[in-house]
Amino acid sequence: MEGMSVADRKELLRKTGSMQQLMFVRPVTYEEGRARGMKAYEVKNGPLRFSVMADKCLDLADVSFFGHNVSFMAKPGLMGRNHYDTNGAEAQRSIMGGMLFTCGLENICAPCRIDGRDYPMHGRMRTTPAEQTGACARWEKDDYVVTISGTMREAELFGENLVMNRKITTRYGENKICIEDEITNEGFVREPMMLLYHINVGYPLLCGDSEILIPTKKVIPRDAEAATNISKWNIMEEPKDNEPEYVFLHEMASDQDGNTFAVVMNRKLGIGLKIEYNTRELPYFMQWKSTASGDYALGLEPANSSVYGKPYHIKENSLHQIEPFDTEKKRIVLTFLSGGELDEAYTLFQQEGDRK
């Protein structure tokens, strides 16, 4: 139904009492467990359903497509903000996964201490509540569109003042979620600005039948453990007890404008996920592969900084920084595939391979 016409719109309105039969966005508040009190938005777009956490950076929690789960949820489960969030390595107890959690802005990787300052696991942005939130579902000409927006601020007295404005859109007839971020330095000194989009795929989309398509020019293992699995970076084995995690860095192929993608598909299930972004905005790409029983997940992670983190970039004099009152824009599109779209994605992957 992509590219609806006025006639399509009239036909939809003839056949529905309310467009909520087909598409909606609804504010909710969770009422149990560690998620108690967390505000979110539940979204339906035809066969695509997902939730957006207003109290956690407007990140995506659970996502399903044609009734099949797509996202990974870690053992702690759905949760809001809590006392583990910024407490060193204990922050892992608050990493629930979800379809997306945003890492940054002062740190994107392991917790570290630099010049007497602590930088928590994956940074503070992933648990920063949104301000000035809003959501609507309405016709924009002949498209029925859900939009969610809000502002997150990472700030400190006598410290940084970094602001992220996020807009999430999805259109009826398009199985896509578009995430657009604008990050502005509202302080008066240059500040480090590290950003990583931790996109997490889980069972049943992810299993031994899954295909991982990444148009990589070069694969670099993060460490010695990853080096032992480098020949299988594009293979998702079945779960194994006590298996270590593997992280790979990819030098991505792209078109002349810097556009690139990554795909996870499951032909037996008949669905897939395609991630699109621009390497000029996000020049790094990391792949997290966890085949451990109970921690079975695949992370696809476009970023503006390396997985080696802040100490590495300081040492290499390559720390990404943003000038006072400058704004950087980032755009990620998640497209959920079915039917012949799986073959089209595979053909696109082969074409990228031919250009490398």
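In case you missed it, the structure is sitting above this.
One structure accompanies this document, and this report is about it. The structure displayed is predicted, hence computed values, not measured ones.

## So, the overall build of the protein
Here comes step 1: When you go through the protein residue by residue, the secondary structure sums to four helices and 23 strands.
Here comes step 2: The C-alpha atoms of the protein give a radius of gyration of 20 Å, which matches the 21 Å a tight globule of 356 residues would have.
Here comes step 3: Taken along the three principal axes of its C-alpha coordinates, the protein extends 65 × 45 × 45 Å.
Here comes step 4: The burial tally for the protein puts 52% of its 356 residues in the buried class.
Here comes step 5: Excluding contacts between residues fewer than 6 apart, the proportion of contacts in the protein whose partners are at least 24 apart in sequence is 63%.
Here comes step 6: Carbon and sulfur atoms provide 46% of the accessible area of the protein, an area that totals close to 16,100 Å².
Here comes step 7: Charge centroids of the protein, computed over 43 positive and 52 negative side chains, lie 3 Å from each other.

## A closer look at the sheet that holds strand β9 (residues 131-140)
Here comes step 1: With respect to topology, eight strands assemble into an open sheet ordered β9-β10-β11-β12-β23-β19-β18-β15, the strand pairing being antiparallel. The open sheet has two edge strands with one neighbour each: β9 and β15 (211-213). Here the average twist between neighbouring strands, direction ignored, is 15°.
Here comes step 2: Where strand β18 (residues 259-266) lies against strand β19 (residues 271-278), eight bridges are found, and the strand directions are antiparallel. Counterpart to Ala262 in the pairing with β19 is Ile275.

## Quick word on the layout of surface pockets
Here comes step 1: A volume near 890 Å³ is recorded for the largest pocket.
Here comes step 2: Taken together, 36 residues form the lining of the largest pocket, with Gln92, Met121, His122, Glu245 and Trp288 sitting closest to its centre.
Here comes step 3: Every element with two or more residues in the lining of the largest pocket is listed here: β14 (194-201), β17 (245-252), β20 (284-290) and α3 (309-315).
Here comes step 4: Class assignment for the residues of the lining of the largest pocket results in 19 nonpolar, eight polar and nine charged.
Here comes step 5: Size it by volume and the second largest pocket reaches roughly 380 Å³.

## Considerations on the packing of aromatic side chains
Here comes step 1: Applying the stated criterion to the full structure yields eight aromatic pairs.
Here comes step 2: Here the aromatic residues Phe65, Phe66 and Phe336 are joined through ring pairs into a cluster of three or more.
Here comes step 3: Taking the ring centre of Tyr346 as reference, the NZ or CZ of Arg267 above it sits at 5.4 Å.

## Some points on the pairing of strand β3 (residues 48-53)
Here comes step 1: Along β3, five of the six residues are buried, which leaves the element largely enclosed by surrounding structure.
Here comes step 2: Strand direction decides the pairing type here: strand β2 (residues 39-45) and β3, joined by six bridges, are antiparallel. Each bridged residue has a counterpart across the sheet, and for Ala40 the counterpart in β3 is Met53.
Here comes step 3: Examined bridge by bridge, β3 and strand β4 (residues 59-65) share five bridges and lie antiparallel to one another. Note that in β4 the partner of Met53 across the bridge is Asp59.

## Quick look at the environment of Pro283
Here comes step 1: By secondary structure assignment, the location of Pro283 is in the loop between β19 and β20.
Here comes step 2: Linking Pro283 and Val28, residues 255 residues apart in sequence, is a C-alpha distance of 36 Å.
Here comes step 3: Excluding anything up to four places from it in sequence, Pro283 contacts Ala303 and Asn304.

## Here we look at the environment of Trp233
Here comes step 1: Note that Trp233 resides in the loop between α2 (224-227) and β17.
Here comes step 2: Using a relative accessible area of 13% as the deciding quantity, one classes Trp233 as buried.

## Focus on the side chain of Lys274
Here comes step 1: Among the secondary structure elements, Lys274 is positioned in strand β19.
Here comes step 2: Dropping the residues within four chain positions of it, Lys274 is found in contact with Phe261, Ala262, Val263, Val333, Leu334, Thr335, Leu337 and Leu348.

## Examining the sheet that holds β2
Here comes step 1: Taken together, the five strands give an open sheet; going across it, the order is β1-β2-β3-β4-β5, and neighbouring strands pair in antiparallel fashion. In the strand order of this sheet, the two ends are held by β1 (23-29) and β5 (68-69), each with one partner.

## Here we look at the environment of Leu319
Here comes step 1: Along the chain, the position of Leu319 falls in the loop between α3 and β22 (321-322).
Here comes step 2: Since its relative accessible area comes to 18%, Leu319 is described here as buried.
Here comes step 3: Residues Leu319 and Met193 lie 126 residues apart in sequence; the distance between their C-alpha atoms is 8.1 Å.
Here comes step 4: Those residues in contact with Leu319, other than ones at most four positions away along the chain, are Pro192, Met194, Lys310, His313 and Ile314.

## Quick notes on empty space enclosed by the protein
Think of a ball as big as a water molecule: rolled over the atoms, this probe shows where empty space is left.
Here comes step 1: What the rule picks out here adds up to one cavity of 30 Å³ or more.
Here comes step 2: One number sums up the size of the largest cavity: a volume of about 60 Å³.
Here comes step 3: Lining the largest cavity are Met53, Lys56, Asp59, Ser94, Ile95, Met96, Gly97, Leu100, Phe101 and Arg126.
Here comes step 4: Split by residue class, the lining of the largest cavity holds five nonpolar, two polar and three charged.

Thresholds, definitions, all that
- For every chain, the first residue of the written sequence is number 1, and numbering continues from 1 along that sequence.
- The predicted origin of the model limits local features to residues at a pLDDT of at least 70 and limits the giving and counting of side-chain atom pairs to 80 or more, whereas totals for whole chains, interfaces and linings rest on all residues.
- Note: side-chain values were computed over all heavy atoms of the structure, leaving out hydrogens and water.
- Starting at the N terminus, helices and strands are each numbered in turn, a helix being any DSSP run of H or I of at least four residues and a strand any DSSP run of E of at least two.
- As a reference, a globule follows 2.2 Å times the number of residues to the power 0.38, and the radius of gyration itself is taken over C-alpha atoms.
- Type-normalised accessible area, obtained with a 1.4 Å probe on protein chains alone, sets the label of each residue: buried when under 20%, exposed when over 50%, and partly exposed for intermediate values.
- By the convention used here, residues are in contact when the closest approach between their heavy atoms is within 4.5 Å.
- Values of accessible area rely on a 1.4 Å probe in the Shrake-Rupley scheme; residue burial ignores everything except the protein chains shown.
- Just so you know, the count uses Lys and Arg for positive and Asp and Glu for negative, and it drops His and the chain ends.
- A single reference atom marks each charge: NZ on Lys, CZ on Arg, CG on Asp, CD on Glu.
- Pairing between strands is defined by DSSP: at least two bridges between them are needed.
- Axis geometry follows a simple rule: fit a line to the C-alpha atoms, using only the stretch in contact for helices, then measure angles between N-to-C directions, giving values from 0 to 180 degrees.
- In this analysis a 1.4 Å probe is tested at points of a 1 Å grid over the protein atoms alone, and where it fits but cannot get out there is a cavity; an open set with protein on both sides within 12 Å along at least five of seven lines is a pocket; lining residues have an atom within 4 Å of a point.
- Grid points are joined across faces, edges and corners, and a volume is the space filled by probe spheres set on the points.
- Polarity classes work like this: nonpolar for Ala, Val, Leu, Ile, Met, Phe, Trp, Tyr, Cys and Pro, charged for Asp, Glu, Lys and Arg, and polar for all others, with Gly in that last group.
- Stacked, tilted and edge-to-face are the three classes assigned to paired rings of Phe, Tyr and Trp, where Trp is represented by its six-membered ring and a pair needs centres within 6.5 Å; plane angles under 30 degrees give stacked, over 60 edge-to-face, the rest tilted.
- By definition, being over a ring means that NZ of Lys or CZ of Arg is both within 6 Å of the ring centre and within 35 degrees of the ring normal.

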